Amino acid sequence: HTFILYLDDCESGGETALLSELPPRCSVMGDQSCNTDDKYVLAAVAPRRARLLLFPHICPHEGRETLVVPKTLLRGEVFLRRGADAR
């Protein structure tokens, strides 16, 4: 899983959009020319101080344009074990 911990409020913009899939015209994540159509957006999470967002690593997502800066966050990965190996 991927986690994002927002360290500051962002007054306008800067949402993290979780997508159901990448639109056909967007072959690569991070393509700045790709403006995702809202029909692919499952949720758009606004950056608020101390908010923690956790989602499966394979979930396509994008950071929306930040209109008021700074947008400060901490991003990382969480590996969960299941079954007999979990301790």
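Residues numbered from 1 in each chain as written. Predicted model: local features only at pLDDT ≥ 70, side-chain atom pairs only at ≥ 80, totals over all residues. Heavy atoms only, no water.

> Would you explain the sheet that holds strand 4 (residues 52-55) in this entry?
The pairing of strands in a sheet comes from backbone hydrogen bonds and takes either a parallel or an antiparallel form. Read from one edge to the other, the open sheet built from three strands follows the order 4-1-6, with strand pairing classed as antiparallel. Lying at the two open borders of the sheet, with one neighbouring strand each, are strand 4 and strand 6 (73-77). Recorded for the sheet is a direction-independent mean angle of 15° between the axes of neighbouring strands. Looking at chain direction, strand 1 (residues 2-6) and strand 6 are connected through five bridges and run antiparallel. Looking across to strand 6, one finds that T2 is bridged to E77. (Pairing = 2+ DSSP bridges. Helix = DSSP H or I, 4+ residues; strand = E, 2+ residues; numbered from the N terminus. Axes fitted to C-alpha atoms, helices over the stretch in contact; angles between N-to-C directions.)

> How do you make sense of the nonpolar core when you look at a structure like this?
Across soluble globular proteins, nonpolar side chains have a tendency to be buried as a group. I4, Y6, L18, V45, L53, F55 and C59 form the largest nonpolar core, which has seven residues in total. Taken together, the elements giving at least two residues each to this core come down to strand 1 and strand 4. For Y6, the residues in contact, after removing those within four places along its chain, are T16, V45, P47, R48, R49, A50, R51, L53, K71, T72 and L73. (Core = buried A, V, L, I, M, F, W, Y, C linked by side-chain atoms within 4.5 Å. Buried < 20%, exposed > 50% of the residue type's maximum accessible area, 1.4 Å probe, protein only. Contact = heavy atoms within 4.5 Å.)

> Teacher, can you tell me more about the sheet that holds strand 3 (residues 41-45) here?
Taken in spatial order, the three strands of this open sheet run 3-2-5, and their pairing is antiparallel. Lying at the two open borders of the sheet, with one neighbouring strand each, are strand 3 and strand 5 (61-63). Direction aside, the axes of adjacent strands within the sheet are offset by 20° on average. Where strand 2 (residues 16-19) meets strand 3, four bridges bridge the pair, whose relative direction is antiparallel. Paired with L19 across the bridge in strand 3 is V41.

> Just to check I follow, could you spell out the pattern of salt bridges for this structure?
If the charged atoms of two oppositely charged side chains come close together, the side chains can form a pair. The full count for this structure, using the stated rule, is three salt bridges. Here R64 and D38 are joined by a salt bridge, their closest N and O atoms 3.7 Å apart. Of the two residues, R64 is situated in the loop between strand 5 and strand 6 and D38 in the loop between strand 2 and strand 3; the sequence distance between them amounts to 26 residues. Since its relative accessible area comes to 22%, R64 is described here as partly exposed. (Salt bridge = Lys/Arg side-chain N within 4 Å of Asp/Glu carboxyl O.)

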